[in-house]
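Close look at the chain arrangement
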Amino acid sequence: MTNTMEEKDIISMPRIGDSAPSFTAVTTQGNISFPQDYRGKWVILFSHPADFTPVCTSEFMTFAKREPEFARLNTQLVGLSIDGLYSHIAWLRTIKDKIEFRGWKNVEVKFPLIEDITMEIARKYGMIQPGESSTKAVRAVFFIDPKGIIRTIIYYPLSLGRNFNELKRVLIGLQTADKYGVALPADWEPGEDVIVPPANSCGSAADRMAGLEKDVYCKDWFFCMKPMAKEELEMA
Ligand code: BEZ
């Protein structure tokens with residue numbers, strides 16, 4: 001380690017396929033051990049820049065309103081910012097008592113919000129991106145599967161609130177790909193046709209092109225699809 005760079009200054013960037021870095025933390029719902037406490041569930045771990053800011057407030061109210069939809073997808077929401085616990089508590093109380101957004105009032109945030117004043121967790125997860133801000137986390141979203149593996153990462157800048165329909169689409173897409181061994185085309189939405197794995201022999205490529213595989217239709221031998229009804233998916 002050089003004397004110009006200390007260990008705490010190194011910013012790690014977890015990648016898709018990595019085990020979610022573990023940590024213990026104080027949250028608005030008590031202490032947690034992450035990701036161990038959520039084994040068997042999907043987790044959306046997300047950071048926000050700061051408490052008592054408008055975009056974050058709109059996002060928290062939306063996360064809270066839509067939490068039941070994520071719960072029906074066996075998914076736990078966990079938030080984080082580099083503010084302290086008392087700031088978090090005061091902000092969540094203000095949201096409940098005073099803020100109306102899109103006609104929503106008395107919105108109670110029931111999922112854990114992590115305090116991270118030392119930035120230790122934010123640094124571990126690459127949530128501090130100094131080109132954007134060195135004192136605030138960007139809007140990062142980590143989709144972590146029931147085995148604790150990071151499956152998707154999305155980053156948004158400070159000035160842009162997240163798209164919650166897209167977050168839900170990503171989650172359903174990951175769950176669908178895992179459960180049925182399929183892939184999902186551009187702009188896929190639940191209920192639309194899915195992509196089947198490529199033919200793995202000349203014979204099966206020929207069979208597919210001849211229309212011999214039930215329900216499967218092909219654009220070419222390497223690009224074949226089949227219907228998947230919305231009802232088949234585990235979704236809200
Ligand atoms: C906001 O959430 O409104 C916000 C936070 C940090 C910088 C800019 C906007």
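Report on the accompanying structure. (Residues numbered from 1 in each chain as written. Predicted model: local features only at pLDDT ≥ 70, side-chain atom pairs only at ≥ 80, totals over all residues. Heavy atoms only, no water.)

With respect to the pattern of salt bridges
Stated formally: Salt bridges are defined by distance alone: a side-chain nitrogen of Lys or Arg within 4 Å of a carboxyl oxygen of Asp or Glu. Burial status follows relative accessibility: with a 1.4 Å probe on protein chains alone, a residue under 20% of its type maximum counts as buried, one over 50% as exposed, and anything between as partly exposed.
One pass over the structure, following the stated rule, counts ten salt bridges. Across the salt bridge formed by Asp 145 and Arg 151, the nearest N and O atoms sit 3.2 Å from each other. Put simply, Asp 215 and Lys 214 hold a salt bridge, and the shortest N to O gap is 3.5 Å. The pair Asp 215 / Lys 214 is uniform in exposure class, with both members exposed. Salt bridges sharing common partners tie together Glu 59, Arg 139 and Arg 162.

Concerning the nonpolar core
Heads up, the rule is: We define a nonpolar core as any set of buried Ala, Val, Leu, Ile, Met, Phe, Trp, Tyr and Cys residues linked to one another through side-chain atoms lying within 4.5 Å. Every helix listed is a DSSP run of H or I at least four residues long, and every strand listed is a run of E at least two residues long, numbered separately from the N terminus. Source of the domain bounds: an automatic or database domain assignment. Any two residues having at least one pair of non-hydrogen atoms within 4.5 Å are treated as being in contact.
Counting 33 residues, the largest nonpolar core has Phe 60, Phe 143 and Leu 167 as its most contacted members. Contributing elements (two or more residues each) for this core: β3 (42-47), α1 (54-72), α2 (85-98), β6 (139-144), β7 (150-156) and α4 (164-180). Composition of this core by domain shows at least three residues from each of domain 1 (7-174) and domain 2 (181-233). Discounting chain neighbours no more than four positions away, the residues touching Leu 167 are Phe 63, Phe 70, Val 141, Phe 143, Ile 154, Tyr 156 and Arg 162. Core analysis: the next-biggest nonpolar cluster, separate from the first, contains 24 residues, Val 78, Ala 122, Phe 142 and Ile 150 among them.

Here we look at the site of the ligand
What counts here: One heavy atom within 4 Å of a molecule or strand makes the whole residue count as near it. Nitrogen and oxygen atoms within 3.5 Å of one another constitute a polar contact, given that in protein one can donate a hydrogen and the other can accept it, and given that sequence-neighbouring residues count only through two side-chain atoms. For the accessible areas, the method is Shrake-Rupley and the probe is 1.4 Å, while residue cover comes only from the protein chains on display. Nonpolar residues are Ala, Val, Leu, Ile, Met, Phe, Trp, Tyr, Cys and Pro. Charged residues are Asp, Glu, Lys and Arg, and all others, Gly as well, are polar.
Neighbouring residues of the ligand: Pro 49, Thr 53, Pro 54, Val 55, Cys 56, Lys 136, Arg 139 and Leu 158. Thr 53 is positioned such that a nitrogen or oxygen atom in its side chain is 3.0 Å from an oxygen atom of the ligand. Within the backbone of Val 55, one N or O atom sits 2.7 Å away from an oxygen atom of the ligand. Its free accessible area being 270 Å², the ligand has 78% of it covered by the protein chains. Residue contributions to the shell around the ligand peak at three residues, all from α1. Looking at the shell around the ligand residue by residue, the class counts come to five nonpolar, one polar and two charged.

Examining the state of the cysteines
We count it as follows: In what follows, a disulfide is any cysteine sulfur pair within 2.5 Å.
Applying the stated criterion across every chain yields a total of one disulfide. The disulfide partner of Cys 218 is Cys 224, and the S-S distance across this bridge is 2.1 Å. Between Cys 218 and Cys 224, the S-S dihedral sits near 105 degrees, and the bridge is therefore right-handed. The buried category is assigned to Cys 224, whose relative accessible area is 1%.

Points about the packing of aromatic side chains
Inclusion rule: Classification of ring pairs rests on two measures: the distance between centres of Phe, Tyr or Trp rings, Trp counted by its six-membered ring, which must be within 6.5 Å, and the angle between planes, read as stacked under 30 degrees, edge-to-face over 60 and tilted in between.
One pass over the structure, following the stated rule, counts 14 aromatic pairs. Between Phe 34 and Tyr 38, the aromatic rings sit 5.8 Å apart at their centres with planes inclined by 55 degrees, giving tilted as the arrangement. Residue classification places Phe 34 among the buried positions, given a relative accessible area of 0%. Here Tyr 38 falls in the buried class, since its relative accessible area comes to 9%. When the ring of Phe 63 is compared with that of Phe 111, the centres are 6.1 Å apart and the planes differ by 70 degrees; the resulting orientation is edge-to-face.

Comments concerning the pairing of strand β4 (residues 75-81)
Selection criterion: Pairing between strands is defined by DSSP: at least two bridges between the two strands are required. By convention, a crossover is right-handed whenever its connection, traced from the first strand over the helix to the second and viewed with the strands pointing away, goes clockwise.
β4 sits mainly inside the fold: seven of its seven residues count as buried. In β4, alternate side chains face the same way, and those of Thr 75, Leu 77, Gly 79 and Ser 81 on one face and Gln 76, Val 78 and Leu 80 on the other are all buried. Bridging between β3 and β4 involves six bridges; their strand directions are parallel. The partner of Trp 42 across the bridge, within β4, is Thr 75. Handedness of the crossover is the feature at issue here: the chain leaves β3, passes through α1, returns alongside β4, and the resulting connection is right-handed. The pairing of β4 with strand β5 (residues 113-115) spans three bridges and is classified as parallel. When the sheet's bridge partners are listed, Gly 79 is paired in β5 with Leu 113. In this region the chain leaves β4, passes through α2 and returns to the parallel neighbour β5; the handedness of that crossover is right-handed.

Coordinates in, geometry out; function isn't part of it.
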